[in-house]
Amino acid sequence: MGGHDDAAAPPVTSGPPRDRYVDWLRAFSLIVVVVWHWAFTILQWGPDGPSPTSPLGFTSGLWILTWLLQVLPLFFYVGGYVHLLSWNRACERGVGLGTFVWRRIRGLAIPALVLAGTWIVLGAIVTWAFGIEWMDRVVLLVISPLWFIGVYLVLIALLPLALWLHRRYDVLALIWLAGAALVVDVLRLRYGYEAVGWLNMIIVWGLAHQAGFFYARVVALPRRFDVAILWTGLFALFGLVYSGIYPGSMVGVPGDKLSNMAPPTFVIVALLIFQIGLVEVVRPSMERLLEHPRWQRVNETVNRFALPLFLFHTTGMAIWVALTWWLSGSPTGRGSPPDLFWWLERPLAVGGALVCTLPVIMLFGRRRKTDRTRA
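Residues numbered from 1 in each chain as written. Predicted model: local features only at pLDDT ≥ 70, side-chain atom pairs only at ≥ 80, totals over all residues. Heavy atoms only, no water.

The protein goes by Peptidoglycan/LPS O-acetylase OafA/YrhL in an unreviewed UniProt entry, where it is assigned to Streptosporangium album.

### A few points about the confidence of the model for the protein
On average, residues of the protein carry a pLDDT of 87, and 90% of them reach 70 or more. Across residues 1-15, confidence stays below pLDDT 50; counting only partners more than four residues off in sequence or on other chains, it has 22 contacts. Confidence drops under a pLDDT of 50 for residues 367-375, and excluding neighbours within four residues, the segment shows 28 contacts in the predicted structure. (pLDDT = per-residue confidence, 0-100. Contact = heavy atoms within 4.5 Å.)

### Observations regarding the packing of helix 9 (residues 200-211) against helix 12 (residues 267-281)
When two helices pack together, you describe them by how their axes are tilted relative to each other and by the distance separating the axes. Relative to each other, helix 9 and helix 12 sit at 20 degrees, their axes nearing to 9 Å. Considered as vectors, helix 9 and helix 12 are oriented roughly parallel to each other. Two packed elements cross with a definite hand, and for helix 9 against helix 12 that hand is right-handed. Taken together, the residues of helix 12 that come into contact with helix 9 (itself represented by Val204, Trp205, Leu207, Ala208 and Ala211) are Ile268, Val269 and Leu272. Of the residues contributing to the contact of helix 9 with helix 12, the split by class is eight nonpolar, no polar and no charged. (Axes fitted to C-alpha atoms, helices over the stretch in contact; angles between N-to-C directions. Helix = DSSP H or I, 4+ residues; strand = E, 2+ residues; numbered from the N terminus. Parallel < 35°, antiparallel > 145°, perpendicular 65-115°, else oblique. Left-handed = near helix turned anticlockwise from the far one by under 90°. Nonpolar A, V, L, I, M, F, W, Y, C, P; charged D, E, K, R; others polar.)

### Topic: the nonpolar core
Nonpolar side chains tend to gather and get buried jointly when the protein is soluble and globular. In this structure, Phe76, Tyr77 and Trp205 are the most contacted members of the largest nonpolar core, which totals 101 residues. Looking at this core, the element that brings in the most residues is helix 3 (residues 72-92), giving twelve residues. Ignoring anything within four residues of it in the chain, the contact list for tyrosine 77 reads Ala208, Ala211, Gly212, Tyr215, Val218, Leu272 and Ile276. Core analysis: the next-biggest nonpolar cluster, separate from the first, contains five residues, Leu56, Leu62, Val251 and Val253 among them. (Core = buried A, V, L, I, M, F, W, Y, C linked by side-chain atoms within 4.5 Å. Buried < 20%, exposed > 50% of the residue type's maximum accessible area, 1.4 Å probe, protein only.)

### Some words on a nonpolar patch on the surface
Taken together, Leu182, Val183, Val186, Leu187, Tyr191 and Tyr193 make up a surface patch of nonpolar side chains, about 550 Å² in accessible area. Mapped onto the secondary structure, tyrosine 193 falls in the loop between helix 8 (172-190) and helix 9. The partly exposed category is assigned to tyrosine 193, whose relative accessible area is 49%. (Patch = residues over 30% accessible without salt bridge, like charges linked within 9 Å, V, L, I, M, F, W, Y side chains within 5 Å. Areas by Shrake-Rupley, 256 points an atom, 1.4 Å probe, with all protein chains shown as cover. Salt bridge = Lys/Arg side-chain N within 4 Å of Asp/Glu carboxyl O.)

Listed below in structure tokens is the structure:
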């Protein structure tokens, strides 16, 4: 842009001391994803094996909860801030950008690849030994949540470009990314170029990550701006959803004409704005809470186990489903609409999956230093 050069852009400086609220948001977003999968996955069993659905497809109006519980935009936003802060600190230690990026990719990719590879090998062995032809569907269900790890790794690899855009163009980078996401939706939804939609896997999540570079500036805004950001995102969500173009749910729902997540649509940009405003509005209360020693210990514990829990939670869930199948003599969840009993047993579904996941973490994840990817 004319007249806008590196010297005019705000300097990228070292951030403040460790932010407990940031740690909480990162861990909280992962825990929400885990609990959502444990509590609200309905497995339909057919001749071809299991296929997942959720109560959103059966319960009218429940989709509104996804505006709060679909927290991946928040995770990528906080991740962008953490990467910027970590890079600033690495610069002070004299670490090169290439080394910095490679270390972060390696720290996250290795456990994810080991987990995926283990399940692929296990599935092949079970298929060969017992002739269970639908075992590949089980493997796909278990490793499918790792898709977001893959996107996150791509964003880490693109960090040099993201940092350059931030220094060179500042907030214009966000405007351009949002515009690109909107153009992709127009090409996809108006003109039928479906394949183009997958560009938003990088554009939309890259926008959320890039927005994290502005975290410190958002925190410094007066409180009335926090409320303004929240309402801006909320009005945008209502406008987009009730336009009739986009579905209301922020996760995929069987029967909807399209999903706002696969690939992400421009609605996720509005959701990001809403969630940024929301976390800033509740910040004072949460920071006071996290000042108490007891909650500091809770925060530290949750952060220590959040990433291993995410990596292994579908493995634990698979063990729990297998145990309940073995004990009951038949697969659970045949796709009927969830009744009162199904809702009442949700704590058991979460607790059982958690009990089955913890030993897996202890066996395979206890030596992993999860704070490698922290600020």
